[in-house]
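Summary of structural features
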Amino acid sequence: WGNEVKLRTTCARSTLIIVGFKMSSPLPKATTKKKKENEANDINGNKKQKKVAAALIPEIIPRDALERADEDFKDDDDETKRRFTAVAFNVAGLRALLKNKPECLRKIADETKCDAMMFSEHKLNPENVEEATRQLKELLPEFTTVKFACSTAKKGYAGVCVLAKGECEEARKKEGGKSPMKQTSIKDMFGGGASEKKKEAPIPTNAAAARRYDGSRLLKVTEGLLDGKHLSEGRAITLEYESFNALFTYVPNSGQKLDRLDWRINTWEKECREHLNALQAKKPTIYGGDLNVAHLDIDIYNVDAKHIPKSAGTTPEERNAFGVMTRECDMKDCFRYFHPGKSGWFTYWSQRVGNRPKNRGLRLDYFLASSKMFAKGAHVKVVSSRILTEMNGSDHCPVSITLALRE
């Protein structure tokens, strides 16, 4: 119904005025105006709701205190066991890290006293490996085994690298039991003679560091997953120790448009589970690295944001696949085992928007372990799992695991 309308009809002798109402379509101006006002209110209401949701997220996300120290999880007989610590760190480009912040790696090794270090997303091409190996052995001479897996499918992409203390026994056998030390010149072999004015202080060699290491024996280093799968992107390396296995991976990102999501869920995840089960059939196994998934709600600082279910690493498919892996492979998320329900503990923060100082992040980096490695009296037992948030160097931070071994 519209406005009141007056119609004037003029005849020869009289004037007739008809008062009535006009019904029309489309809606009259007043109703259209009201509709637009309602739509504007809806839009403003949505904006207000978004502002309210944003207001619920603190400017700086608090990090819950971890109430119990690592020592609280030791058995009475754990003091008699040998320790083994591994660290996994997404370096987001090893070449840049070695050039700009090499002290970061030295600090991690010194403070964790780790036996093995894994770097994911090193982005090196095969031709860069020799120089990177030289730099790493110079910076971290106690790590005598260095193994790179590089992407050959795409340059400057992905890649994992593992450093381990002690020589790999399989590699030594292939070399005929020879020391990995190289003689580079006659001078190295016989000395510089009387003409030398000053003798340099002896530099600790990798061979000397290897002789000093009395930790767990490293038997074999293998690239890829079961049956040599997934070699072209350099995403996996397995270390076989005397009493346990260690798998390190850089899990494929599903992509900004989720174009690799189906492949990741139905191919990578499936074959990774097969590899883990094959390893566990022989020995207890730990699994670490950038797994590119935030499993629980508390692993995502803004879990209620609309984009979260559509973003790589936080899709329902990826988060569900993590749960499938822990169930089918009978493994536990080590950090969550020791610190269930503790929020604010993330391993990745977007540098593009400066989220690290605000602790607005995701937990994408993990160590998992066979469930039997948490049992009282286990010969290989998980006694600690940490997120090393104080360690800088990339948009991720390192994570660690410590085992007690009775070998």
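Notes on the structure in this doc start here. (Residues numbered from 1 in each chain as written. Predicted model: local features only at pLDDT ≥ 70, side-chain atom pairs only at ≥ 80, totals over all residues. Heavy atoms only, no water.)

**Re helix α4 (residues 129–139)**
Using the following cut-off: Burial classification: accessible surface area is computed with a 1.4 Å probe over protein chains only, and a residue below 20% of its type maximum counts as buried, one above 50% as exposed, and the rest as partly exposed. Going along the chain from the N terminus, every DSSP run of H or I of four or more residues is numbered as a helix, and every run of E of two or more is numbered as a strand. The arc in question is formed by the directions pointing from the helix axis toward the C-beta atoms. Should any heavy atoms of two residues lie within 4.5 Å, those residues are considered in contact.
Looking at α4, one finds that the buried residues are V129, A132, T133 and L136. One side of α4 carries all its buried residues, which in axial view fall inside an arc of 100 degrees. Seen from the buried face of α4, the exposed residues on the opposite side, beyond 90 degrees, are E130 and E138. Buried residues in α4 make contact with α2 (94–100), α3 (102–112), β4 (116–120), β5 (145–149) and β6 (160–164).

**Here's the deal with the pairing of strand β15 (residues 380–387)**
Condition: A pair of strands is considered paired only if DSSP assigns at least 2 bridges between the two.
Of all 8 residues in β15, 7 are buried; the element is thus mostly enclosed. Summarising the sheet, β15 and strand β16 (residues 399–405) pair through 7 bridges and their orientation is antiparallel. Within β16, the residue paired with K381 across the bridge is A404.

**Structural notes on the pattern of salt bridges**
So the rule is basically this: What counts as a salt bridge is simple: a side-chain nitrogen of Lys or Arg found within 4 Å of a carboxyl oxygen of Asp or Glu.
In total, this model carries 23 salt bridges according to the counting rule given. Measuring nitrogen to oxygen at the nearest pair gives 3.6 Å for the salt bridge that ties E59 to K358. With E59 in the loop between α1 (29–56) and β3 (82–90) and K358 in the loop between β12 (348–349) and β13 (361–362), this residue pair connects regions lying 299 residues apart in the sequence. Classification of K358 by relative accessible area gives partly exposed; the value is 26%. R386 is paired through a salt bridge with E390; the nearest N and O atoms lie 4.0 Å apart. Overall, the relative accessible area of 34% leaves R386 in the partly exposed class.

**Points about the nonpolar core**
Condition: Definition of nonpolar core: a set of buried residues of the types Ala, Val, Leu, Ile, Met, Phe, Trp, Tyr and Cys, connected through side-chain atoms within 4.5 Å.
Within the largest apolar cluster, 41 residues are counted, with the highest numbers of intra-cluster contacts made by L239 and L403. A per-element tally of this core places β16 first, with 4 residues. If near-sequence neighbours (up to four positions away) are discounted, L239 is found in contact with A116, V162, L218, K220, V221, F244, N245, A246 and F248. Counting 26 residues, the second-largest nonpolar core is a separate cluster that includes F89, I108, F119 and M391.

**Considerations on the pairing of strand β8 (residues 236–241)**
Counting buried positions along β8 gives 5 out of 6 residues, so the element sits mostly inside the fold. Both β8 and strand β9 (residues 245–250) contribute to a ladder of 5 bridges, which runs antiparallel. Bridge pairing in β9 places A236 opposite T249. The loop that links β8 with its antiparallel partner β9 comprises 3 residues.

**Considering the packing of aromatic side chains**
Quick reminder of the rule: A pair of Phe, Tyr and Trp rings is counted when the ring centres sit within 6.5 Å of each other, with Trp represented by its six-membered ring. The angle between the planes then sorts it: under 30 degrees is stacked, over 60 is edge-to-face, the rest tilted. For a lysine, the NZ atom is tested; for an arginine, the CZ atom; a charge sits over a ring if that atom is within 6 Å of the ring centre and within 35 degrees of the ring normal.
Enumeration over the complete set of coordinates arrives at 9 aromatic pairs. Pairing F248 with F367 gives two aromatic rings, centres 6.3 Å apart and planes at 85 degrees, and the pair type is edge-to-face. Here the residue F248 occupies a position in strand β9, and F367 occupies one in strand β14 (residues 365–370), the gap between them amounting to 119 residues. With a relative accessible area of 1%, F248 lands in the buried category. Between F322 and Y366, the aromatic rings sit 4.9 Å apart at their centres with planes inclined by 40 degrees, giving tilted as the arrangement. Placement of the pair is F322 in helix α9 (residues 316–328) and Y366 in strand β14, with a sequence separation of 44 residues. Judged on exposure class, the residue F322 and its partner Y366 are both buried. Positioned above the aromatic ring of Y157, the side-chain terminus of K154 is 4.6 Å from the ring centre. In this structure, R260 is placed above the aromatic ring of W263, and the distance from its NZ or CZ to the ring centre is 4.4 Å.

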